[in-house]
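# Structural characterization, general
Below are the chains, spelled out letter by letter.
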Amino acid sequence: MDMAPINNIQQRGMKRSSAKKIPELEDHDIHPTTGFLPSAPLPLQRLPKYYEPWEVVLDDLQRLLLAGRLRERVRAIPPLDTTLLSTRREWQRAYLVLSFLGQGYIWGKNQDAEEKVPKCIAIPWLRACDELELKPIITYAAVELYNFKLLDPSGPWDLSNMCILHTFSGGMDEAWFFLVSIAIEAAGAPALPAILKALHAVEDEDLTSLSEALSVIADVTEKITGILKKMYEKTDAHIFFNRVRPYMNGWEKAENLPNGVLYEGVLSTKRGVPNGIHTDAGIYGKYAGGSAGQSSLIHVLDCALDVTHKPMPGSDPTKQVNFIHEMRNYMPGPHKKFVYAVADSYSIKDYITNLPSKTAGVADLVHLFNKCVDGMKAFRNTHIQMVSVYIVSQANKFKEVGSAGVPPQVQSERLQNGLLARGTGGTNLIPFLKQSRDETDAAKIAKT
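All values reported here derive from a predicted model rather than from experimental measurement.

Take the packing of helix α5 (residues 88-107) against helix α6 (residues 119-132) next. Contact geometry of α5 with α6 gives a least axis separation of 9 Å together with a crossing angle of 135°. In terms of orientation, α5 lies oblique with respect to α6. Taken as a pair, α5 and α6 cross one another with a handedness that is left-handed. When α5 is examined against α6, the residues R88, W91, Q92, Y95, L98, S99, L101, G102 and Q103 are found in contact with a partner set consisting of I121, P124, W125, R127, A128, C129, E131 and L132.

Structure (structure tokens):
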């Protein structure tokens with residue numbers, strides 16, 4: 001496109017009237033080529049020897065769950081001092097290990113939920129959360145960001161060269177489920193510097209750079225949708241729903257855990273425990289479960305494209321934000337700050353919308369911006385279809401079959417919770433996802 005008129009505008013020194021801050025990737029623990037995924041170094045695969053009492057239980061996680069002995073082994077873990085954790089990767093590894101042990105301890109294997117996390121893991125778990133600004137529950141960060149390695153360290157960051165470090169079930173279906181999201185993070189990484197380039201282009205009135213940046217973002221939205229569709233290849237819906245998803249559940253709205261979970265021995269935390277009932281034994285906390293809605297990548301793309309999410313009709317009137325915004329509280333602290341920094345920076349949409357219609361290249365910018373939005377809409381449409389297959393249809397099958405043939409003594413409350421086609425964060429899934437899709441579509445710039 002011909003950008004000469006825009007260059008003339010730049011030469012005249014025209015700037016946006018109110019300068020805003022544009023964040024830097026390095027200030028938020030984000031890599032310019034791998035994005036929110038840790039690299040240089042990669043996630044640790046083992047903590048220092050002092051922490052072997054944690055690691056060896058994780059080594060046997062599936063066997064202990066199957067034998068019904070995980071809780072026994074966890075309670076036998078000696079108290080360990082977290083002050084010996086010295087690097088960010090060590091804290092991330094500690095958080096991963098303790099999250100798997102804690103989540104497995106709470107839910108067990110076809111067992112009723114356990115209300116109390118023993119202090120031998122509760123205290124260090126909360127300390128790791130304070131360090132990383134995370135929550136003491138399984139999160140996207142634990143099962144995705146800190147939970148992978150490369151088969152070939154010099155190879156590509158894609159599904160052909162990635163593997164999962166830990167799962168609850170020990171199966172390939174669960175590993176693939178996690179890997180697809182990790183591959184989406186890797187494929188989405190180029191969008192992050194492109195978004196910053198777009199913000200600088202708005203600040204500098206540089207439509208050439210803005211066009212280049214939007215092209216990258218549009219390509220990313222197309223790629224991540226293609227990767228999401230690969231879920232069908234190696235994750236079976238029945239296995240996911242019955243063997244994987246239960247471990248992603250939270251205890252913010254769990255009927256069988258009305259007070260949440262008691263973190264034994266935790267009497268105070270640096271960042272506090274939401275909905276916490278204080279007792280002499282510890283503090284109760286209520287948290288939503290692990291969810292792809294905690295992906296900082298998707299949030300940043302929404303913010304860059306001015307996608308606005310509102311509370312669902314009939315939702316809790318005391319909450320002023322959409323569930324999507326609540327999920328930002330489950331992101332690593334630096335990533336959450338980056339999401340808000342992008343949201344508080346320049347509006348790419350407003351800038352393009354307010355350009356004079358006769359300015360050279362404006363129509364192309366509108367097309368590129370809307371292509372980005374359409375890409376995010378396609379991603380959310382694919383996600384809706386996937387949720388229908390992996391959750392809704394499986395929940396309906398469960399309703400039809402019920403507990404026929406299952407002895408009453410092994411019909412746990414957790415098993416019965418599978419009757420609800422709700423998200424692990426407690427949302428009514430399909431209406432919520434459709435609203436999010438429609439809100440995405442509404443972000444497009446009207447063509448004149």
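Here the narrative resumes, following the displayed structure.
In this section: helix α13 (residues 296-304). The element α13 is extensively covered by neighbouring structure, given that 9 of its 9 residues are classed as buried. Looking one or two places after α13, you find D306, whose phi comes out positive at around 60°.

Further remarks concern empty space enclosed by the protein. Throughout the structure, instances matching the rule amount to 2 cavities of 30 Å³ or more. If you add up the space inside the largest cavity, you get close to 860 Å³. S291, A292, G293, H383 and V387 are the residues nearest the centre of the largest cavity, which is lined by 40 residues in total. Those elements that place two or more of their residues in the lining of the largest cavity are α7 (140-145), α8 (172-188), α13, α14 (323-326), α17 (362-401) and α19 (429-441). In terms of residues, the lining of the largest cavity owes the most to one element, α17, which gives 7 residues. Within the lining of the largest cavity, the residues separate by chemical class into 23 nonpolar, 13 polar and 4 charged. Contributing to the lining of the second largest cavity are L64, L65, G68, R69, L70, R71, G104, Y105, G108 and Q111. Mapped by element, the contributors of at least two residues to the lining of the second largest cavity are α3 (61-67), α4 (70-75) and α5. The class makeup of the residues in the lining of the second largest cavity is 4 nonpolar, 4 polar and 2 charged.

Conventions we followed
Residues numbered from 1 in each chain as written. Predicted model: local features only at pLDDT ≥ 70, side-chain atom pairs only at ≥ 80, totals over all residues. Heavy atoms only, no water. Axes fitted to C-alpha atoms, helices over the stretch in contact; angles between N-to-C directions. Helix = DSSP H or I, 4+ residues; strand = E, 2+ residues; numbered from the N terminus. Parallel < 35°, antiparallel > 145°, perpendicular 65-115°, else oblique. Left-handed = near helix turned anticlockwise from the far one by under 90°. Contact = heavy atoms within 4.5 Å. Buried < 20%, exposed > 50% of the residue type's maximum accessible area, 1.4 Å probe, protein only. 1 Å grid on protein atoms, 1.4 Å probe; cavity = no way out; pocket = protein on both sides within 12 Å on 5 of 7 lines; lining within 4 Å. Points joined across faces, edges and corners; volume = space filled by probe spheres on them. Nonpolar A, V, L, I, M, F, W, Y, C, P; charged D, E, K, R; others polar.

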